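Each chain, written out:
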Amino acid sequence: MASGRGKFLPRLLEGQQPEPDWWLPGGPISQPIGRAHDRHQETRRNEARECLTQVDSFKTSLKLALERLPPEILMKILSHLDAASLLSLCQVNKLFCRLANDDATWYKIYMAHFAWELWRPKATEDGADRAAEPQERPPGGWKKRYLWKMGGQELSKWQRETRNFDPLTGLPQHLGRILRNINVVWEVTLRDGLGREATPPLSAVSIFKTSVTFSWGGSLLVRHPHVCAIRLSAVRKDAHGEPKAAWRSLICRTDAEADGRPRGHLLGKDRLVQVMFFPPAFIVGFWRGQKSVAFVTVSLHLDKLLERTLLGSPVCCYWEPEERRCADLGTRTYTLHFGLHDTTSDIMSAYFNPLYCRPVGGRCLAELRPIDRGDVSQHRLLSGDIRLLWKSDSLEGSLENCCVMTLTVLEVYTPLWCVSVPVCVRTAGKPQKSFSDNYSDGEHFLLVHKDARGLVKMALVWLKEQRQVFVVDLAVSVFKNEGARY
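Residues numbered from 1 in each chain as written. Predicted model: local features only at pLDDT ≥ 70, side-chain atom pairs only at ≥ 80, totals over all residues. Heavy atoms only, no water.

Q: Which residues make up the overall build of the protein, and what values do they have?
A: The secondary structure content of the protein amounts to nine helices and 24 strands. The buried share of the protein, reckoned over its 486 residues, is 43%. Pairs at least 24 apart in sequence give 57% of the contacts found in the protein among residues at least 6 apart. (Helix = DSSP H or I, 4+ residues; strand = E, 2+ residues; numbered from the N terminus. Buried < 20%, exposed > 50% of the residue type's maximum accessible area, 1.4 Å probe, protein only. Contact = heavy atoms within 4.5 Å.)

Q: Give me the lowdown on the environment of Gly442, citing residues and values where you can.
A: By secondary structure assignment, the location of Gly442 is in the loop between β21 (414–427) and β22 (443–450). In this structure Gly442 comes out as buried when scored by relative accessible area, which is 11%. Measuring from C-alpha to C-alpha, the distance between Gly442 and Glu465 comes to 9.1 Å, with 23 residues separating the pair along the chain. With near-sequence residues (within four places) excluded, Gly442 lies in contact with Val461, Trp462 and Leu463.

Q: Just give me the short version of the packing of aromatic side chains, but keep the residues and values in it.
A: Per the counting criterion, the structure on display carries five aromatic pairs. Judged by centre distance (6.0 Å) and plane angle (40°), the rings of Phe214 and Trp216 are tilted. Of the two residues, Phe214 and Trp216, neither departs from the other in class, the shared state being buried. Taken together, the aromatic side chains of Trp186, Phe214 and Trp216 make up a single cluster linked through ring pairs. (Phe/Tyr/Trp six-rings, centres within 6.5 Å; stacked < 30°, edge-to-face > 60°.)

Q: Tell me what's going on with a nonpolar patch on the surface, and back it up with residues and numbers.
A: A cluster of nonpolar side chains, contributed by Leu69, Ile73 and Ile77, occupies part of the molecular surface with about 220 Å² of accessible area. By secondary structure assignment, the location of Ile73 is in helix α3 (residues 71–78). (Patch = residues over 30% accessible without salt bridge, like charges linked within 9 Å, V, L, I, M, F, W, Y side chains within 5 Å. Areas by Shrake-Rupley, 256 points an atom, 1.4 Å probe, with all protein chains shown as cover. Salt bridge = Lys/Arg side-chain N within 4 Å of Asp/Glu carboxyl O.)

Q: Tell me what's going on with the pattern of salt bridges, and back it up with residues and numbers.
A: This model, assessed by the stated rule, comprises five salt bridges. Close ionic contact of Arg231 with Glu197 constitutes a salt bridge, the shortest N to O distance being 3.4 Å. One end of the pair, Arg231, is in strand β8 (residues 227–237); the other, Glu197, is in strand β4 (residues 197–198), and 34 residues separate them in sequence. Overall, the relative accessible area of 27% leaves Arg231 in the partly exposed class. The closest approach of N and O atoms between Asp473 and Arg369, which form a salt bridge, is 2.9 Å. Placement of Asp473 in strand β24 (residues 468–479) and of Arg369 in strand β16 (residues 364–371) is noted, with a sequence separation of 104 residues between them. We classify Asp473 as buried; its relative accessible area is 10%.

Q: Break down the pairing of strand β6 (residues 211–216) for me, citing the residues and quoting the values.
A: Counting buried residues along β6, six of its six residues qualify, which places the element largely inside the surrounding structure. Taking every second residue as pointing to the same face, both faces of β6 are buried, with Ser211, Thr213 and Ser215 on one and Val212, Phe214 and Trp216 on the other. Where strand β5 (residues 202–207) meets β6, five bridges bridge the pair, whose relative direction is antiparallel. Note on β6: the bridge partner recorded for Ala204 is Ser215. The antiparallel pairing of β5 with β6 creates a hairpin that spans three residues between the two strands. Of the strand pairs in this sheet, β6 and strand β13 (residues 292–301) are connected by six bridges, and their pairing is antiparallel. Opposite Thr213, over in β13, you have Ser299 as the bridge partner. (Pairing = 2+ DSSP bridges.)

Q: Provide a residue-level description of unusual backbone geometry, including the pertinent values.
A: Cis geometry is found at the peptide bond from Pro279 to Pro280, where omega equals 10°. Looking at the element boundaries, Pro280 is found in the loop between β11 (273–278) and β12 (282–287). Cis geometry is adopted by the peptide bond preceding Pro354, which originates at Asn353 and carries an omega value of -5°. Note on placement: Pro354 falls in strand β15 (residues 346–356). Positive phi, normally seen in glycine, also occurs at Lys291, with a value near 70°. Take Lys291: it is sitting in the loop between β12 and β13. Here Lys291 falls in the partly exposed class, since its relative accessible area comes to 32%. Here the phi dihedral of Arg467 falls at roughly 55°; this positive angle occurs in a residue that is not glycine. For Arg467, the location among the structural elements is in the loop between β23 (454–463) and β24.

Q: Hey, could you go over the pairing of strand β18 (residues 387–391) for me, with residue numbers and the actual values?
A: Here β18 shows one buried face, formed by Leu388 and Trp390, and one open face, formed by Arg387, Leu389 and Lys391. Bridge count for β18 against strand β19 (residues 396–400) is five bridges, and the pairing is antiparallel. Looking across to β19, one finds that Leu388 is bridged to Leu399.

So, in structure tokens, the structure goes:
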């Protein structure tokens, strides 16, 4: 019996050339179909531009109509909004920022959540009890008190746990356990140029010595050329364990360029994905050919992460009340914790103490050299290959010669410079003067990271026969940048 394939594909006689079929590329009507498809795509793009123009004009007219309303009516409208909506409204313009920061509105919101606290009897000077005076606060005090109270309720539960610090890292000892048990859900949101937002599900969380890595699945909605903004938020969970959409704390977000798109650079690519890094912390993989999001990974340093998770607002990240300033180092002793890891396991974790430094002048404040090229006893062996593992909803793979670097410079158990960022290893030339016969036949590589706070340079050697990677040089330079927040 002839198969179904034989019914539609006739057999060829000996020496006969097959004729092009209309359904195959290169057939008689493949070109007209291709041109029709291009015209259809161009029509869809024109319709999308017209829709965006109409939406922008509608937003502009609505904004102008609202601004013409009397302040009393606007205040009446704003009094029905929740805290998250008021905080978002502060970013529109000066008029709405002033109206959204009204003390009476925030006093109403505060009373709806914490009315029991305001009416506690308080002792007066003569010993009598009196109720708290709710209106005796400076301008903006009710908003600040509400934001602090929303995060402080959860933060106060863990204050006792964070009193003991690890002398090796300068961070709380049980911070990893606190992050696992904290009553929040970490949520990443991607937005494209059309205003569409995608929130992929959280797939994995890995906690290391000084950093934590979050991984999310992909999304077919947002594509690479149209990524407009990425933000990471901590969403509070309710009594039933479900996220509260009304309250979230912004941890970090991308910075937009002049064209409205976030700046980013290519980390690498394999057969399936192309991986981009969007500062300050977003590693995004795009499917090759489709350009849709395959996965999102974020690596954050643990320094002040608990406060940023609980004390931020939906539109503004948390910063310390007092800016941390870099003191005059002079000739002092410092400690350094340095690590390399992928999304699941450590590649290198080293602690160096003590490190003596001296001022070098110029912009560089001090130089630390925990591993010297000339001292073979200081060289370190990596425990794994330098690669960045990734996993989507259906596939997984690894990006070679790329990993996450974590750095913590301590001064008297106080973090001075903390960073957790993806880095790439590049091929480097062999030194002119051989510093050891053990590495004469090895391949040399270089890892470099530079930001506003400092510079890191690491030299590595790959021994092919032993299949081992050695760190033969590590230099850390701290820059002068007083008053900078990090």
